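Residue-level listing of the chains:
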Amino acid sequence: MAEAKDIDDSLEFLRFFEKYTEKEDLLQVIQHRLEKDPARLDLTRQVMSESDFKMLSELQPLARVVYLNLSETGLRTAGIQQLCTSPHLGRLETLELGNNNVDDDGLFFLSRISIFENLKTLNLASNEIGPVGAKALSASKTLANLETLDLSYNRITPLGIKALTNSDLGRRLRCLKLADIGLGDDGAEQLSKCEQLEGLETLDLSDNNLTDRGVECFARANVFPNLKRLILSNNPIGDDGVYALAESELFENIEELELRCAGLTADSAITLGQSQHFKNIRRLNLNNNDIRAEGTEALVASANVKHLEAIDLGENQLNAEGAVALAESPNVTHLKELRLNNNNIADEGVVALAQSPYLTGLEELYLEQDNWIRPRGAKAIAESTTFSNLRVLVLGLNVIGDEGARYLAESTTLKSLTFLNVIGNKLSNAGEDTLRHSETLKLKQLELV
């Protein structure tokens, strides 16, 4: 039997159906989703007008919602104003507003309304916010509990960053995402001059055209004493930038480092392996660089990686030698996730991984695209006792063929495997059926095309 509160909510929806008959479809969507979980409302890509946001703000059942996602809904400042008048959003802890048209004026309203005083996470990525909006946000006296802020893909510029990072709000943040905001080296220098952001644990500065000069500025300033996750992907920081990071005390607490597509060579891997501060890393992403087998061997030979749980070395020209270096390292025993896409590791590399005595904890293995894995490699995987804990296996865009599919389908050692991707492996209908009707694999998801 429905609780009284549920009955009240149903009556509330009926009243709205009478008042907003022209919005019946939207109301039904909202009701259906709140029935599944009264505390979460996800309206992503549900295009809405200003009057739709007005109706939403008046909807009483939202009083129980703690998570509201309005990404890609066409939200503008006028819609923000409507939400700010709502008496029912006081419990919100997460507000997702990404990929909309919110501008500086919208942020001005958002930052001054007490209704959002319990907000912990605010996503404003991909809007039309500039330095004025960032400054308005930084002056907020009502967002007292905000811990996570995403301003990525806006034009915040160094001026906005200066206001934000030198504010009380900035110093309270634990996670700050600033991907592609026009930061540049000058902005990084500005960032290095702010007061210590002791609360910050995650910082995303990807896609900001940072070079080694910018990285060196904040690496030497040590303005983030408790930083655990640093994302610098898609910045041309080069080996000199990595050297600056590796020499910084910033690394003392770093557990996750992302340097995808950063212009790195084997020298960067060697530097990370030799660093006196790089000792607590759990997750490392070096995808799309030029690390090669030489860099891989130097990195995994270091005790610095003994706590690694995930490493991404995709698109680094490792060849079989790089895979062999990984397989033979006693420092990778904690590894749960390994990505080696686009590395031409071939069957030789796969056999080495499958026979490694150190990779027994692997749960996810990504070997997709241009690794030239053939039936022999598929057989090594299928017969591997090393991979007995593997849950996810991605072999897309290789050449295992029907023979390789049969080896996998008949495997008695891949007992934990629930996800398998073999897209683009020259399988015939018979080969696909072999996997579909396997009596030994207990797959929940099989991707063939």
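A brief report on the enclosed structure follows.

Turning to the packing of aromatic side chains, a few remarks are in order. In total, this model carries three aromatic pairs according to the counting rule given. Between Phe108 and Phe109, the ring centres sit 6.1 Å apart and the planes meet at 80 degrees, which makes this aromatic pair edge-to-face. Judged by relative accessible area, which is 40%, Phe108 ranks as partly exposed. Ring plane angle 65 degrees and centroid distance 6.0 Å describe the contact between Phe218 and Phe224, whose orientation is recorded as edge-to-face. The ring of Tyr67 has Arg40 lying over it, and the distance from NZ or CZ to the ring centre is 3.8 Å. The aromatic ring of Tyr366 is capped on one face by Arg339, whose charged end is 4.1 Å from the ring centroid.

Going through the model one piece at a time under the given rule, you end up with 20 salt bridges. We note a salt bridge from Arg220 to Glu216, for which the minimum N-O separation is 2.7 Å. Highlighted residues: Arg220 and Glu216, both in helix α10 (residues 212-221), separated by four residues, approximately one helical turn. Judged by its relative accessible area of 26%, Glu216 is partly exposed. Arg229 serves as the salt-bridge partner of Glu258, at 3.2 Å between the closest nitrogen and oxygen. Of the two residues, Glu258 is situated in strand β9 (residues 256-258) and Arg229 in strand β8 (residues 229-231); the sequence distance between them amounts to 29 residues. Taking relative accessible area as the criterion, Arg229 reaches 26% and is therefore assigned partly exposed.

What counts and how
Per chain, residues are indexed from 1 in the order of the written sequence. In keeping with the predicted nature of the model, local features appear solely for residues at pLDDT of at least 70, side-chain atom pairs appear and are counted solely at 80 or more, and the whole-chain, interface and lining totals rest on all residues. Hydrogens are left out, water is left out, and the side-chain values use all remaining heavy atoms of the structure. Each Phe, Tyr or Trp ring, with Trp reduced to its six-membered ring, pairs with another whose centre is within 6.5 Å; inter-plane angles below 30 degrees give stacked pairs, above 60 give edge-to-face pairs, and intermediate values give tilted ones. Under the scheme applied here, a residue whose accessible area is under 20% of the maximum for its type counts as buried, over 50% as exposed, and between as partly exposed, the area being computed with a 1.4 Å probe on protein chains only. Think of it as a cone above the ring: NZ of Lys or CZ of Arg counts as a charge over the ring if it is within 6 Å of the ring centre and within 35 degrees of the ring normal. Whenever a carboxyl oxygen of Asp or Glu lies within 4 Å of a side-chain nitrogen of Lys or Arg, that contact is scored as a salt bridge. Secondary structure elements follow DSSP: runs of H or I no shorter than four residues count as helices, runs of E no shorter than two count as strands, and numbering proceeds from the N terminus.

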